[in-house]
Every structure is written in structure tokens, then in C-alpha cells.
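This is what each chain is made of:
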Amino acid sequence: MTIATKLRDYIDGQGIAYDTVAHHRTATTSQSARAARVPGSRLAKSVVVHHEMGYVLAVVPSTHRIELSTLQDVVDRRLGLASEEEVSSLFADCDIGAVPPIGSAYDVPVILDESLGDASDVYFEGGDHKTLVHVSGPNFRSLMKDARVARFSHLS
């Protein structure tokens, strides 16, 4: 069970308690939720989007889909999904598709879907496809203190 170095260093530096949940290798956050036997509504999924000024990490529950047009309205910018190369350069110590939602650890601004705002605990990818990080809801909100909160997703 390993989590990405930048992520671990950031969480440790914030004094946040966490544990990890190992599971067999998965390709999607929904599969990770099933494999780790955690509710998909409490597994934060991260999607890297780009705009003319840089990047944003959009964070939603794994059970939701991002409404790109709504997100564009929220940030008042034209958005597109970041390429694998762009994601790799921003999250160099993470596998593609296993990006953690803690953008502060990587100097990437975060927009958090409000549907994760009151979860009692939250799980998220730790940087590989075999480990989830688990934190309490208050600790997740502390890690997200710099995130902008809005509604930009719907159940998939």
C-alpha cells in the first residue's frame, strides 16, 4: 500500500490523520469503490481540465458525472479535458487515472462538487490503481479548504 510521495508529504505536513485501503488493480474509480467495498458516493473522483490560463482539478463523487457546460459557467472559462501528457506532467508521481483530489499538494486549483460537502468520511485515489486513502469528512474538508465549492455534476 503506497500513496504518491507529494500527496503523503502534503497530508502529513497538514497533520491530517488518514489510513489506506488496499484493493486489487482497477481501471476506474467506480471499480475501485467496489473492489475496496466503500460507497461510491464517498469516493472522490478527480478530473483534470484545462483552460487558456492553466488547469483545474474538478472533484466529484465516483457515482457522478461532471456537467462540463455547468463547470464552464462556474469558472467562466472554456474548458476541455486535459490530455494524458498534461496529467502526467502535473501529477508526475501518480498513475494516469489515479489522480488524488488534493490539488494543493500539486499546486493545481480545485473545484469541489458540493455533493461531497457533508460526507462523514471520504475515500480517494492515492496515486496508483491499488490504494485508496481514507480520511474523516472534517479532515477532507480541511484538505479542501482552498477549493471552490459549486454544483456541477449529476448522478451517472
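Residues numbered from 1 in each chain as written. Predicted model: local features only at pLDDT ≥ 70, side-chain atom pairs only at ≥ 80, totals over all residues. Heavy atoms only, no water.

### With respect to the pattern of salt bridges
Across all of its chains, the model carries 5 salt bridges by this definition. For D9, the salt bridge goes to R8, with nearest N and O atoms at 3.7 Å. Classification of D9 as partly exposed rests on a relative accessible area of 43%. Across the pair D121 and R42 runs a salt bridge, and its minimum N-O distance is 2.8 Å. Placement of D121 in strand β7 (residues 121-125) and of R42 in the loop between α2 (29-36) and β2 (43-51) is noted, with a sequence separation of 79 residues between them. In this structure D121 comes out as buried when scored by relative accessible area, which is 14%. The class for R42 is partly exposed, based on a relative accessible area of 31%. Taken together, the shared-partner salt bridges in this structure form one network comprising D113, E114 and R151. (Salt bridge = Lys/Arg side-chain N within 4 Å of Asp/Glu carboxyl O. Buried < 20%, exposed > 50% of the residue type's maximum accessible area, 1.4 Å probe, protein only. Helix = DSSP H or I, 4+ residues; strand = E, 2+ residues; numbered from the N terminus.)

### Describing the packing of aromatic side chains
Scanning all chains against the criterion turns up 2 aromatic pairs. Relative to F140, the ring of F124 has its centre 6.3 Å away and its plane inclined at 40 degrees; by these criteria the two rings are tilted. You can see F124 sitting in strand β7 and its partner F140 sitting in helix α5 (residues 137-143), a full 16 residues away along the chain. A residue is classified by how much of its surface remains accessible, and F124, at 0% relative accessible area, is buried. Judged by its relative accessible area of 0%, F140 is buried. (Phe/Tyr/Trp six-rings, centres within 6.5 Å; stacked < 30°, edge-to-face > 60°.)

### Some details on the nonpolar core
The nonpolar side chains of a soluble globular protein tend to be buried with one another. Counting 32 residues, the largest nonpolar core has L7, F91 and F124 as the members making the most contacts within it. Counting only elements with at least two residues in this core, the list comes to α1 (5-13), β2, β3 (54-61), α4 (84-90), β6 (110-113), β7, β8 (131-136) and α5. Leave out the neighbours within four places in its chain, and F91 touches V48, L57, V99, P100, Y106 and V108. Core analysis: the next-biggest nonpolar cluster, separate from the first, contains 12 residues, V60, L71, V75 and F152 among them. (Core = buried A, V, L, I, M, F, W, Y, C linked by side-chain atoms within 4.5 Å. Contact = heavy atoms within 4.5 Å.)

### Quick notes on helix α3 (residues 68-75)
Every buried residue of α3 is listed here: L71, V74 and V75. Seen from one end, α3 has its buried residues packed into an arc of 85 degrees, which puts them on one side. Contacts from the buried residues of α3 go to β2, β3, β4 (64-66), β6 and β9 (148-150). D76, located one to two residues past α3, shows a positive phi value of around 55 degrees. (Arc of directions from axis to C-beta.)

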